[in-house]
Protein chains: 2
Amino acid sequence: MADFKRLPGFRDFPPEDLALRAHVFDAWRRVAIRYGFREYDGPPVEPLDLYVEKSGEEIVGQLYNFEDKGGRTVSLRPEMTPSLARILGDRSRGMAKPIRWFTIPQLFRYERQQRGRLREHYQWNVDIVGEESAAADAEVLAVAIDGLRELGLGVDDFRARVSDRRLLTALLGAVGVQDDRLPAAFAVIDKIERMPEDKARGRLLDEVDLDDAGADRLRALLECSSLTELRNQFGERDAVRDALAPLEEYAAILDAMGMGDFVKLDLKIVRGLAYYTGIVFELFDAQGELRAICGGGRYDRLLELVGGEPLPAVGFGMGDVVLGELLAERDLVPPYRPHVDYFLVVIGQEQRSHALGIATRLRAQGRSVAYPLRDQSVRKQFKAAENEGARTVLVLGPDEAAEGIVVARDMATGQERRIAPDALE
Amino acid sequence: MADFKRLPGFRDFPPEDLALRAHVFDAWRRVAIRYGFREYDGPPVEPLDLYVEKSGEEIVGQLYNFEDKGGRTVSLRPEMTPSLARILGDRSRGMAKPIRWFTIPQLFRYERQQRGRLREHYQWNVDIVGEESAAADAEVLAVAIDGLRELGLGVDDFRARVSDRRLLTALLGAVGVQDDRLPAAFAVIDKIERMPEDKARGRLLDEVDLDDAGADRLRALLECSSLTELRNQFGERDAVRDALAPLEEYAAILDAMGMGDFVKLDLKIVRGLAYYTGIVFELFDAQGELRAICGGGRYDRLLELVGGEPLPAVGFGMGDVVLGELLAERDLVPPYRPHVDYFLVVIGQEQRSHALGIATRLRAQGRSVAYPLRDQSVRKQFKAAENEGARTVLVLGPDEAAEGIVVARDMATGQERRIAPDALE
């Protein structure tokens, strides 16, 4: 017997759910366009190697990969940046820089034993390619912040936690981490918030080779959220000073855009992906109860890695799922109220042709119009008008036709007026 | 070495191509909404059986099917109607009828040896579920016709060729086809336009069991494009008369909507899919040079077949590829002219914070704004403004700042005016 259930981890979007999806996508689009970004898209299936090259073989365990009928090893796209790099690889040399592109792809991950977790989501991807200045980093974060503000979220609802891989590297040196322990230190810091204190300390001693005093210094460092304090404390070190400059410029720009309150230095933000090279950030709900809403940063070597022009790049991905949870929690999901501008109540089949003429004219003017598709009682037709969320019902009967008018009933107020059909708009 | 080429048969959508796609999708959406339809969507991956149940095992050869990591046999969706039936199967009983739903999914077919042919396309799907009257069939065709008119195509550009499976069955009986030869007759008629005359005649004699006179009568019948003539010629037969009635009502409705000129009876339109039960139609370019732009019809038994409520249904699918060819041929592809409302030319880094404040205010008002992300010469900044398609360039320098104004240059006319930044909108 055939199985006609939806696959686990996938969503249907009946109209009431699609309306929320469209609400979010429309906000994302409006904001990206306000910042001068252009929309693009790529295929939802790509050669598997595109992801392996960027993220290593271990990514394959999380992918929706398969062999197609032509023997190609392919995968549903788990993220968009490799496709962006591939598309730009063919064409970026001829393009004016910086390139500001955005897209809203559906992405897919197949992880086993993910009871109840989704295997797909939509992700707003916004990237600036070809500009290495901190102003590009700030611009991208501003887009992410405005994307959430456009949906009604404010400074009480979410925060951007910002760090910089170069700065963290310099600071780790300052507190005594040896160069060859840096990867281990990054790995511990990336997970440190989800680790019990004694486990964190154990790993700092064992894997990062710190002594107790060094581990204390590192823990204290990770709690520092002030660039000024970092400069005061470590500013005598060239590496730290050099690494602070872009973050200071970044903070100044976001302040000038009135977004300073959203942004918080947080050196614990590492981001798992190995390809980030500079400023990185994540957006979280202000209560810190949900997973990250958005993550991004600078990835200056990726385009070259997949065979394109060596171009600096910065961008983010914002998913629709955690964001949807936050919007629901903050009561920011708009009520689903489908409607049509007009519903035509047709009394007697001999009025049908007249009704179709009126509907055609109103639709040509851009109005939405519905009417019964069979002969029905006036009561049933009014019921249907309600179901369709009609704002105005037009009653067309033989008496009205004889007078050359229709009765227009405003469904919110109950008010009726008699009007020549040509005067409707 | 990794292969970073796009998969054969898939398209990238850089901004200039995405703009055309969005132009088409927006037109489709506007029209569907004008007719009171609600948008929905489903997953791009479904259980393979969903398609096998509807179309038979032979469909599998054309699908992007694979086994997922959980051992499920799945497929990228090759069409949307089975997903619609599945989604409604869970929920239609509680819904007011008729249900008017539309969607614009990306669909996938993997056919081998399809040199140069696409393996994906987007398809506008529009369906009315729960209404068996011919008025629902007419409504759906009207949506398809208006979808093309919204893109600038008119009666010189395309035609709807309409038939009815019930009518053709009755007429085939009238010209002497035996009941057990009906499937063979449908199969021959479906292909008859692409067959040499003698081959067609051979198959009518061999497979449909007609004699020469019967084959002549059938050929003559297939050329008839007038309902009146069919009624005159075959109206004494109850089966023909009964089958003519809905088509006559259908034609009258489309006439009343001013669409009669687009619609042509054509008994050669069979549509391959086995599940159609009534009126069927295809839209073609008026010159008949391209493949069908759109196909649809009534499928009253499908929902029950996939385990849902037994509901009559009628709908169509309109693809983006042939339509794109027709739009290009008719010069109806809008030129790609990306733009921003404002580009800010910033003279001196000390003006940057001032510029960011102006940009933030303009964006909050919904304007699109770009500016250089690094210190650049005025000449380079004006060049960038051109690249961004800026409608107005705002020049912000120390002199202007001292006066409390900006210089606003209209890039189309070259006209400049001096204006207080707060007065910009």
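Quick caveat: nothing in here was measured; it's all calculated off a predicted structure.

Observations regarding the pairing of strand β12 (residues 313-319) of chain B
All names here are of chain B.
Logical step 1: For β12, the buried fraction is high: seven of the seven residues fall into the buried class.
Logical step 2: Alternating positions in β12 separate into two faces, A313, G315, G317 and G319 on one and V314, F316 and M318 on the other, with burial throughout.
Logical step 3: Bridge count for strand β7 (residues 120-129) against β12 is seven bridges, and the pairing is antiparallel. Bridge assignment links W124 to a residue of β12, and that residue is M318.

Things to note about the environment of L168 of chain A
All names here are of chain A.
Logical step 1: Relative to the helices and strands, L168 resides in helix α5 (residues 165-174).
Logical step 2: Here L168 falls in the buried class, since its relative accessible area comes to 1%.
Logical step 3: Sequence separation of L168 and D399 is 231 residues, and the distance between their C-alpha atoms is 81 Å.

Section: the domain arrangement of chain A
Interfaces are often sized by the accessible area lost when the parts come together.
Logical step 1: Structurally, chain A comprises domain 1 (15-329) and domain 2 (340-423).
Logical step 2: Between the C-alpha centres of domain 1 of chain A and domain 2 of chain A the distance comes to 53 Å.

As for the relation of the copies chain A and chain B
Logical step 1: Overlay of chain A on chain B (RMSD 0.0 Å): rotation 180°, translation along the axis 0.0 Å. In short, the pair behaves as if placed about a two-fold rotation axis. For chain A, the smallest separation between a C-alpha atom and the rotation axis is recorded for F66 of chain A, amounting to 3.3 Å.
Logical step 2: A high fraction, 100%, of the interface residues of chain A reappear at the interface in chain B, so the copies pair face to face through one surface.

Topic: the pairing of strand β4 (residues 73-76) of chain B
Residue and element names in this part refer to chain B.
Logical step 1: Relative to β4, strand β2 (residues 45-47) runs antiparallel, the two sharing three bridges. In the sheet register, V45 faces β4, and the bridge partner there is L76.
Logical step 2: As defined by bridge partners, strand β3 (residues 65-67) adjoins β4 across three bridges and the pair is classed as antiparallel. Considered in β4, the bridge of N65 is made with S75.
Logical step 3: Following β3, the chain reverses through five residues before pairing antiparallel with β4; G71 in that reversal takes a positive phi of roughly 80°.

A look at the interface of chain A and chain B
Logical step 1: Taken together, the contact pairs 89 residues of chain A with 89 residues of chain B.
Logical step 2: Summed over both sides, the interface between chain A and chain B buries roughly 7400 Å², with carbon and sulfur atoms accounting for 57% of that surface.
Logical step 3: Applying the counting rule to chain A against chain B returns 14 salt bridges.
Logical step 4: Between R21 of chain B and D41 of chain A there is a salt bridge, with the nearest N and O atoms lying 3.0 Å from each other.

A look at the sheet that holds β4 of chain B
Within a sheet, neighbouring strands are paired by backbone hydrogen bonds and run either parallel or antiparallel to one another.
Residue and element names in this part refer to chain B.
Logical step 1: Spatially, three strands are ordered β2-β4-β3 in an open sheet, and the strand pairing comes out antiparallel. Every interior strand has two partners, whereas the edge strands, β2 and β3, have only one. Shown here is a sheet whose adjacent strand axes are inclined to one another by a mean of 35°, direction ignored.

Section: the pattern of salt bridges
Logical step 1: Across all of its chains, the model carries 82 salt bridges over all chains by this definition.
Logical step 2: Ionic pairing is found between D12 of chain A and R6 of chain A, a salt bridge with its closest N-O pair at 2.9 Å.
Logical step 3: Among the residues examined, D12 of chain A registers a relative accessible area of 10% and is labelled buried.
Logical step 4: Here R241 of chain B makes a salt bridge to D238 of chain B, at a shortest N to O gap of 2.7 Å. Of this pair, R241 of chain B and D238 of chain B both sit in helix α10 (residues 238-256), three residues apart, roughly one helical turn.

As for the nonpolar core
Logical step 1: By size, the foremost hydrophobic cluster in this structure holds 103 residues, and its most contacted members are W124, L283 and M318 of chain B.
Logical step 2: Element by element, the count of residues in this core is highest for helix α4 (residues 134-149) of chain B, at eleven residues.
Logical step 3: If you look at the next biggest cluster of nonpolar residues, it comprises 102 residues, including L141, L172 and A215 of chain A together with I358 of chain B.

Quick notes on a negative patch on the surface
Residue and element names in this part refer to chain A.
Logical step 1: Taken together, the side chains of D49, E53, E57 and E58 make up a negatively charged region of the molecular surface.
Logical step 2: Mapped onto the elements, E53 comes out in helix α2 (residues 49-55).
Logical step 3: Relative accessible area serves as the criterion here: at 36%, E53 is assigned to the partly exposed category.

Describing the side chain of E282 of chain B
Residue and element names in this part refer to chain B.
Logical step 1: Relative to the helices and strands, E282 is located in strand β10 (residues 279-285).
Logical step 2: Take E282: its relative accessible area is 13%, and that puts it in the buried class.
Logical step 3: Polar side-chain contacts of E282 include one of 2.9 Å to the side chain of R271.
Logical step 4: Not counting residues within four places of it along the chain, the set of residues in contact with E282 comprises R159, A160, R161, I269, R271, A292, C294 and G295.

Regarding the packing of aromatic side chains
The description of two aromatic rings rests on the distance between their centres and on the angle between their planes.
Residues and elements named next belong to chain B.
Logical step 1: Per the stated rule, a full pass over the model turns up 27 aromatic pairs over all chains.
Logical step 2: Measuring from ring centre to ring centre gives 6.0 Å for F13 and Y122, while their planes differ by 70°; the resulting arrangement is edge-to-face. With F13 in the segment before α1 (15-34) and Y122 in strand β7, this pair connects stretches of sequence that are 109 residues apart.
Logical step 3: Overall, the relative accessible area of 6% leaves Y122 in the buried class.
Logical step 4: With centroids separated by 5.3 Å and ring planes inclined at 85°, the aromatic side chains of W124 and F316 adopt a geometry described as edge-to-face. Residue W124 is found in strand β7, and its partner F316 is found in strand β12; the two are separated by 192 residues along the sequence.

Here's the deal with α1 of chain B
Logical step 1: Compared with an ideal rise of 1.5 Å per residue, which puts 20 residues at 28 Å, α1 of chain B spans 28 Å between its outermost C-alpha atoms and is within 8% of the ideal.
Logical step 2: Among all positions in α1 of chain B, only P15, L18, R21, V24, F25, A27, W28, V31, A32 and R34 of chain B are buried.

Some words on the sheet that holds strand β17 (residues 416-419) of chain B
All names here are of chain B.
Logical step 1: Strand order in the open sheet formed by five strands is β14-β13-β15-β16-β17, and the pairing between neighbours is mixed. The sheet is open, and its two borders are formed by β14 (369-370) and β17, each paired with just one other strand.
Logical step 2: Bridge analysis of strand β13 (residues 340-346) against β14 gives two bridges, and the strand direction is parallel. Looking at β14, one finds that F343 is bridged to A370.
Logical step 3: Relative to β13, helix α14 (residues 378-387) is tilted by about 170°, and along the sheet it contacts β13, β15 (390-396) and β16 (406-410).

Quick look at the environment of L218 of chain A
Logical step 1: Within the secondary structure, L218 of chain A is located in helix α8 (residues 212-222).
Logical step 2: Sequence-distant contacts of L218 of chain A, that is, excluding residues within four places in its chain, are made with L172, V175, I189, L204 and L210 of chain A.

Rules behind the numbers
Residues numbered from 1 in each chain as written. Chains lettered and ligands numbered in written order. Predicted model: local features only at pLDDT ≥ 70, side-chain atom pairs only at ≥ 80, totals over all residues. Heavy atoms only, no water. Buried < 20%, exposed > 50% of the residue type's maximum accessible area, 1.4 Å probe, protein only. Helix = DSSP H or I, 4+ residues; strand = E, 2+ residues; numbered from the N terminus. Pairing = 2+ DSSP bridges. Domains from an automatic or database assignment. Least-squares fit on C-alpha atoms with pLDDT ≥ 70 in both. Contact = heavy atoms within 4.5 Å. Buried area = accessible area lost by both parts, 1.4 Å probe. Salt bridge = Lys/Arg side-chain N within 4 Å of Asp/Glu carboxyl O. Axes fitted to C-alpha atoms, helices over the stretch in contact; angles between N-to-C directions. Core = buried A, V, L, I, M, F, W, Y, C linked by side-chain atoms within 4.5 Å. Patch = residues over 30% accessible without salt bridge, like charges linked within 9 Å, V, L, I, M, F, W, Y side chains within 5 Å. Areas by Shrake-Rupley, 256 points an atom, 1.4 Å probe, with all protein chains shown as cover. Lys, Arg positive; Asp, Glu negative; His and termini not counted. Charge placed at Lys NZ, Arg CZ, Asp CG, Glu CD. Polar contact = N/O pair within 3.5 Å; in protein donor to acceptor, adjacent residues only side chain to side chain. Phe/Tyr/Trp six-rings, centres within 6.5 Å; stacked < 30°, edge-to-face > 60°. Expected span 1.5 Å × (residues − 1).

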